[in-house]
Amino acid sequence: MPNISQRGQIMPPSPIRKLVPFAEAAKKKGVTVYHLNIGQPDIETPQPVLDAVRNSHFKVLEYSHSAGNESYRRKLTTYYDRFGIQVDHNQIIVTTGGSEAIIFGFMACLDPGDEVIIPEPFYANYNGFAVEAEVKVVPVTSGIESGFALPPIADFEKKITPKTKAILICNPNNPTGYLYSPEELNVLRDICKKHNLFLFSDEAYREFAYDGTTLSALQLEGLEDNVVVFDTISKRYSACGGRIGALVTRNKTLLDSVMKFAQARLSPPSFAQIAAEAAVDMPEDYFDGIKAEYRSRRDLLVKRLNGIPGVFCPNPGGAFYAMAKLPIDDADKFCQWLLEDFSYDQQTVMLSPGTGFYATPGLGKQEVRLAYVLNLEAIDKAMTALTKALAVYPGRR
């Protein structure tokens with residue numbers, strides 16, 4: 001057969017989903033698997049969002065504008081205004097999920113071989129997007145001891161080369177849950193101004209800030225032409241399957257370039273845009289109860305984790321993830337062992353190995369990411385199972 005492309009060969013598989021066959025096999029044996037491995041919220045999608053699709057009436061399911069429906073983009077400006085972010089609807093391009101927004105940003109801002117600096121650990125799919133765009137990810141390591149705070153400016157300076165074109169952050173962060181402070185964002189602003197870099201900011205978890213508030217990169221002064229925000233309805237409205245995101249920037253030249261990529265894929269999905277537009281109309285107190293629920297889940301998870309001998313978990317300030325350091329030899333082996341060889345009262349837990357969130361080889365071998373997207377009772381049972389597992393794991397350190 002003809003050869004697969006080099007790009008196809010080096011495209012990384014999902015480190016989060018690679019354990020799915022083992023989880024499925026465990027379930028067939030009658031074991032309850034608590035899924036803390038993936039950021040799929042159990043919060044119900046708001047009924048008005050679903051009703052907007054059910055009650056839509058048109059005779060032809062047409063292409064939308066390549067930038068997305070104007071009515072939705074105009075409504076999005078009112079959403080951003082609630083956070084003190086002033087943008088025009090023409091500065092928003094609706095995308096097929098936040099993923100497409102990131103790919104468009106990479107493709108429009110970086111040439112093949114260019115470099116993007118990303119604090120690690122980072123969202124694993126950034127690696128895949130970089131392969132698609134043929135750009136190089138350059139990691140700057142943050143440590144669990146500091147709660148994954150922004151690395152020192154000197155660490156960034158060491159990584160900058162003539163090929164460096166951008167810095168990418170996720171705020172609040174996936175996978176660490178870290179919430180960047182205004183001071184840290186201003187450090188990034190100064191680096192980007194000094195070296196004339198784009199600042200990519202993935203703000204998928206904007207609402208989920210528990211210790212302070214989220215400052216958008218779009219609110220940084222003096223960086224109007226450098227900032228590109230990636231956004232999505234997936235986590236915000238528990239609508240991961242909707243696949244509606246957005247790329248937002250005030251850089252007109254960049255918008256014109258991204259628009260060509262948007263035109264090449266014709267348009268974002270129509271039904272999902274209808275759902276997303278309805279979501280903007282959710283009352284402002286909609287998130288109050290959801291944030292309180294996630295905060296309770298976070299507090300229980302972190303308390304239980306830090307109560308296990310040899311485990312350390314910093315308290316995340318946002319999103320719905322936590323990274324924990326475990327007394328184990330190898331996170332990949334441990335996470336597979338949990339599903340293949342362990343159960344307690346016919347229960348086990350599925351975690352994401354920390355190695356998948358680092359670009360530097362060897363890092364994350366004792367770390368796991370946990371998504372607190374289950375209810376309090378399930379989290380409590382999952383932590384009991386994890387406690388029992390660590391007590392008998394053959395590779396305990």
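Located above this text is the structure these notes cover.
In this text, all values refer to a predicted model and were calculated from it rather than measured experimentally.

A.B. asks: For this particular structure, what's the right way to read the sheet that holds strand 6 (residues 198-202)?
C.D. replies: By way of backbone hydrogen bonds, the strands of a sheet pair with one another, either parallel or antiparallel. Taking strand neighbours across the sheet as the criterion, the 7 strands line up as 2-8-7-6-5-3-4 in an open arrangement whose pairing is mixed. Because the sheet does not close on itself, it has two edges, and the strands there are strand 2 (92-95) and strand 4 (136-141). The average undirected angle you get between the axes of adjacent strands in this sheet is 25°. Note: strand 2 against strand 8 (residues 245-248), 4 bridges, orientation antiparallel. Each bridged residue has a counterpart across the sheet, and for Ile-93 the counterpart in strand 8 is Leu-247.

A.B. asks: What is the right way to look at unusual backbone geometry in this model?
C.D. replies: The phi torsion of most residues other than glycine is negative, and most of the peptide bonds are trans. Here Glu-120 and Pro-121 are connected by a cis peptide whose omega angle stands at 5°. Assignment of secondary structure puts Pro-121 in the loop between strand 3 (115-120) and helix 6 (125-133). Between Asn-171 and the following residue, Pro-172, the backbone shows a cis peptide bond with an omega angle of -10°. Inspection of the secondary structure puts Pro-172 in the loop between strand 5 (164-170) and helix 8 (182-195).

A.B. asks: What am I meant to see in the packing of helix 11 (residues 286-306) against helix 13 (residues 376-392) here?
C.D. replies: A pair of packed helices is captured by two measures, namely the crossing angle of their axes and the spacing between those axes. Helix 13 packs onto helix 11 with a crossing angle of 15° between their chain directions and a minimal axis gap of 10 Å. It follows that helix 11 is roughly parallel to helix 13 by the angle criterion. The interaxial crossing formed by helix 11 with helix 13 has right-handed handedness. Along its contact with helix 11, which presents Glu-293, Ser-296, Arg-297, Leu-300, Leu-301, Arg-304 and Leu-305, the element helix 13 presents Leu-376, Ile-379, Asp-380, Met-383, Thr-384, Leu-386 and Thr-387. In terms of residue class, the contact of helix 11 with helix 13 is made up of 7 nonpolar, 3 polar and 4 charged.

A.B. asks: In this structure, what is going on with the sheet that holds strand 9 (residues 321-325)? I would like to understand it.
C.D. replies: One open sheet holds the 3 strands; their spatial order is 9-12-11, and the pairing between them is antiparallel. Looking along the sheet, the strands with just one partner apiece sit at the ends: strand 9 and strand 11 (352-353). Strand direction decides the pairing type here: strand 9 and strand 12 (residues 367-371), joined by 5 bridges, are antiparallel. Looking across to strand 12, one finds that Tyr-321 is bridged to Ala-371.

A.B. asks: How should I be thinking about the pattern of salt bridges in this particular structure?
C.D. replies: If the charged atoms of two oppositely charged side chains come close together, the side chains can form a pair. The tally for this structure, following the rule as stated, stands at 22 salt bridges. Measuring nitrogen to oxygen at the nearest pair gives 2.9 Å for the salt bridge that ties Asp-114 to Lys-165. Highlighted residues: Asp-114 in the loop between helix 5 (97-109) and strand 3 and Lys-165 in strand 5, separated in sequence by 51 residues. Take Asp-114: its relative accessible area is 3%, and that puts it in the buried class.

A.B. asks: In this structure, what is going on with the packing of aromatic side chains? I would like to understand it.
C.D. replies: Two aromatic rings, taken as a pair, are described by how far apart their centres are and by the angle between their planes. For the coordinates displayed, the defined rule picks out 25 aromatic pairs. With a centroid separation of 6.2 Å and 10° between ring planes, the pair formed by Phe-198 and Phe-200 is classed as stacked. Comparing Phe-198 with Phe-200, the two get one shared label, buried. For the ring pair Tyr-205 and Phe-320, a centre distance of 5.4 Å and an interplane angle of 85° mean the geometry is edge-to-face. With a gap of 115 residues between them, Tyr-205 in the loop between strand 6 and strand 7 (227-232) and Phe-320 in the loop between helix 11 and strand 9 connect regions that are remote in the sequence. Grouping aromatic residues by their ring pairs yields a cluster made of Tyr-205, Phe-208, Tyr-237, Tyr-286, Phe-287, Tyr-294, Phe-320, Tyr-321 and Tyr-372.

A.B. asks: Would you take a moment to explain the packing of helix 5 against helix 9 (residues 252-264) for this structure?
C.D. replies: The interhelical angle for the contact between helix 5 and helix 9, taken along N-to-C directions, is 120°, at an axis separation of 9 Å. The orientation of helix 5 relative to helix 9 falls into the category oblique. Like other packed secondary-structure pairs, helix 5 and helix 9 cross with a definite hand, here right-handed. Every residue of helix 9 that contacts helix 5 at Phe-104, Met-107, Ala-108 and Cys-109 is listed here: Leu-254, Ser-257, Val-258, Phe-261 and Ala-262. Tallied by class, the residues present in the contact of helix 5 with helix 9 amount to 8 nonpolar, 1 polar and no charged.

A.B. asks: Where do I start with helix 12 (residues 331-340) in this structure?
C.D. replies: Note on helix geometry: an α-helix contains 3.6 residues per turn, so any two residues three or four positions apart are oriented the same way. For helix 12, the full list of buried residues reads Ala-331, Phe-334, Cys-335, Trp-337, Leu-338 and Leu-339. The backbone nitrogen of Asp-332 lies 2.9 Å from a side-chain oxygen of the residue at the head of helix 12, namely Asp-330.

A.B. asks: Can you help me understand helix 9 in this one?
C.D. replies: For helix 9, spanning 13 residues, the distance from its first C-alpha to its last is 19 Å, which sits close to the expected 18 Å at 1.5 Å a residue. Summarising the contacts, the buried residues of helix 9 are in contact with strand 2, helix 5, strand 6, strand 7 and strand 8. The distance from a side-chain oxygen at the start of helix 9 to the backbone nitrogen of Thr-253 is 3.1 Å, and the residue carrying that oxygen is Asn-251. Backbone geometry just downstream of helix 9 places Leu-266 in the positive-phi region, at approximately 75°.

A.B. asks: In this structure, what is going on with the side chain of Gln-91? I would like to understand it.
C.D. replies: Positionally, Gln-91 belongs in the loop between helix 4 (70-81) and strand 2. Look at Gln-91 and you get buried, because its relative accessible area is 18%. Aside from chain neighbours lying at most four places away, what touches Gln-91 is Leu-247, Val-248, Thr-249, Arg-250 and Leu-255.

Parameters and conventions
Residues numbered from 1 in each chain as written. Predicted model: local features only at pLDDT ≥ 70, side-chain atom pairs only at ≥ 80, totals over all residues. Heavy atoms only, no water. Pairing = 2+ DSSP bridges. Helix = DSSP H or I, 4+ residues; strand = E, 2+ residues; numbered from the N terminus. Axes fitted to C-alpha atoms, helices over the stretch in contact; angles between N-to-C directions. Parallel < 35°, antiparallel > 145°, perpendicular 65-115°, else oblique. Left-handed = near helix turned anticlockwise from the far one by under 90°. Contact = heavy atoms within 4.5 Å. Nonpolar A, V, L, I, M, F, W, Y, C, P; charged D, E, K, R; others polar. Salt bridge = Lys/Arg side-chain N within 4 Å of Asp/Glu carboxyl O. Buried < 20%, exposed > 50% of the residue type's maximum accessible area, 1.4 Å probe, protein only. Phe/Tyr/Trp six-rings, centres within 6.5 Å; stacked < 30°, edge-to-face > 60°. Polar contact = N/O pair within 3.5 Å; in protein donor to acceptor, adjacent residues only side chain to side chain. Expected span 1.5 Å × (residues − 1).

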